[in-house]
Amino acid sequence: MKQFNVTGMSCAACSARVEKAVSGVEGVESCSVSLLTNSMGVEGSADVNEIIRAVENAGYGASLKEEADNSEALEDRETPR
């Protein structure tokens, strides 16, 4: 399962809209969006970029969790203490 961070959601209708948009991407078998954690899990063979594009076309932001986690870790390492 691919995990994503989703930004810009503020209500249940937002998460439903993201879920519907991503579910329509070719290769997506299932999609589960959590408003509480601003995250999304996607099962299937769909291209990551197509999934992110579907979220953006729905009016929200998305990034692959691994990329976001890695960039935060890099920022932590690069910040002098």
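Anyway, here's the lowdown on the structure attached to this text. Just so you know, the residues in each chain are numbered from 1, in the order the chain's sequence is written. It should be noted that, the model being predicted, local features are given only for residues of pLDDT at least 70 and side-chain atom pairs only at 80 or more, the latter also being counted only at that level, while totals for whole chains, interfaces and linings use all residues. The basis for the side-chain values is all heavy atoms of the structure; hydrogens and waters are excluded.

### What to know about the nonpolar core
No. 1: Core analysis: the biggest nonpolar cluster contains 21 residues, and Val-18, Val-22 and Met-40 have the highest contact counts within it.
No. 2: A run of DSSP states H or I qualifies as a helix once it reaches four residues; a run of E qualifies as a strand once it reaches two. Both are numbered from the N-terminal end. Of all the elements in the fold, those that place two or more residues in this core are strand S1 (2–7), helix H1 (12–23), strand S2 (28–34), strand S3 (39–44), helix H2 (48–57) and strand S4 (61–64).
No. 3: At 4 residues, the largest contribution of residues to this core is made by H2. We call a set of buried residues a nonpolar core when its members are Ala, Val, Leu, Ile, Met, Phe, Trp, Tyr or Cys and they connect through side-chain atoms within 4.5 Å of each other. Relative accessibility under 20% of the residue-type maximum defines a buried residue, over 50% an exposed one, and the middle range a partly exposed one, all with a 1.4 Å probe and only protein chains included.

### Some remarks on the sheet that holds S1
No. 1: Strands sit in the order S2-S3-S1-S4 across an open sheet of 4 strands; the sheet is antiparallel. In this open sheet, the two edge strands, each paired with only one partner strand, are S2 and S4. Direction aside, the axes of adjacent strands within the sheet are offset by 25° on average.
No. 2: Think of it this way: DSSP has to see at least two bridges between two strands before they count as a pair. Sheet analysis places S1 next to S3, joined by 4 bridges and oriented antiparallel. In the strand pairing of S3, Asn-5 is matched with Ser-39.
No. 3: Its contacts with the sheet place H1 against S1, S2 and S3, and it is angled at close to 165° to S2.
No. 4: Of the strands in this sheet, S1, S2, S3 and S4 touch H2, which is tilted by about 160° from S4. For helices, the fitted axis covers only the stretch in contact; all axes are lines through C-alpha atoms, and the angles between them, taken along N-to-C directions, range from 0 to 180 degrees. Two residues qualify as a contact provided that any one of their heavy atoms is within 4.5 Å of a heavy atom in the partner residue.

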